[in-house]
Amino acid sequence: MQRSILLGLVSALVLLVASAGGYAWMKQNRPDQQWVPMPLNPSSTQGERQRLQQQIEDHLLKETSLKKFVAELSLRNRWNVSGDQQALERLKSSIFIRVGEFRHPMSQEILPTIDVGVKGKRKESRILAEIATHMAKEARLYLGISDPR
């Protein structure tokens, strides 16, 4: 009788530890997105926003720009891939540039934006934020916009 109780307690403890570990692993590997909104003129048309999005996308997805991001942020080491080409392919597949909107916190006015960002896992959120910030700075330089600071 005592053996079966002890065996039941041990198996319940093992099940509890395994489920807690599985939940923690699942939570870390959920999809995540980090982006930087670049505000646009509210009077701009949808066509102008689409053209600007396409220009930024063409510039940021050029091979030279991607290689620059991989080298400056040392993504090969941070993503633990075997080569720069693999880091470049991973970066290329995770970048997104989209037309979005931003609600101003004080006036609740909705402003159009172009969101420059990266998709990945939740446990990589710090790296994703650095990449998105770096890409937004590069897009601002390309468009001739001065640094907001």
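Before any of the text, the structure's been laid out above.
In what follows, the accompanying structure is described. This one's a predicted model, so the numbers in the text were calculated from it and none came from an experiment.

Remarks on the pairing of strand E3 (residues 110-121)
And then number 1: Looking at chain direction, strand E1 (residues 31-39) and E3 are connected through nine bridges and run antiparallel. Bridged to Asp-32 within E3 is Gly-120.
And then number 2: Two strands pair when backbone bridges link them, and strand E2 (residues 95-103) and E3 are joined in this way by nine bridges, in the antiparallel orientation. The partner of Glu-101 across the bridge, within E3, is Pro-112.
And then number 3: Between E2 and E3, which pair antiparallel in sequence order, lie six residues; one of them, Gln-108, sits at a positive phi of approximately 60 degrees.

A look at the nonpolar core
And then number 1: Ile-56, Leu-60, Leu-75, Leu-91, Val-116, Ile-131 and Met-135 are the most contacted members of the largest nonpolar core, which totals 26 residues.
And then number 2: Elements with a contribution of two residues or more to this core: E1, helix H2 (46-60), helix H3 (63-72), helix H5 (84-94), E2, E3 and helix H6 (125-143).
And then number 3: It is H6 that contributes the most residues to this core, seven residues altogether.

What to know about the sheet that holds E2
And then number 1: Spatially, three strands are ordered E1-E3-E2 in an open sheet, and the strand pairing comes out antiparallel. Where the open sheet ends on each side, the last strands, each with one partner, are E1 and E2. Neighbour to neighbour, the strand axes of the sheet diverge by 35 degrees on average, direction disregarded.
And then number 2: Contacting E1, E2 and E3, H6 crosses the sheet at an angle of about 25 degrees to E1.

Let's talk about the packing of aromatic side chains
And then number 1: Across all of its chains, the model carries zero aromatic pairs by this definition.
And then number 2: Lying across the ring of Trp-79, Arg-90 places its NZ or CZ 4.4 Å from the centre.
And then number 3: In this structure, Arg-98 is placed above the aromatic ring of Trp-35, and the distance from its NZ or CZ to the ring centre is 4.6 Å.

Parameters and conventions
Residues numbered from 1 in each chain as written. Predicted model: local features only at pLDDT ≥ 70, side-chain atom pairs only at ≥ 80, totals over all residues. Heavy atoms only, no water. Pairing = 2+ DSSP bridges. Helix = DSSP H or I, 4+ residues; strand = E, 2+ residues; numbered from the N terminus. Core = buried A, V, L, I, M, F, W, Y, C linked by side-chain atoms within 4.5 Å. Buried < 20%, exposed > 50% of the residue type's maximum accessible area, 1.4 Å probe, protein only. Axes fitted to C-alpha atoms, helices over the stretch in contact; angles between N-to-C directions. Contact = heavy atoms within 4.5 Å. Phe/Tyr/Trp six-rings, centres within 6.5 Å; stacked < 30°, edge-to-face > 60°. Lys NZ or Arg CZ within 6 Å of the ring centre and 35° of its normal.

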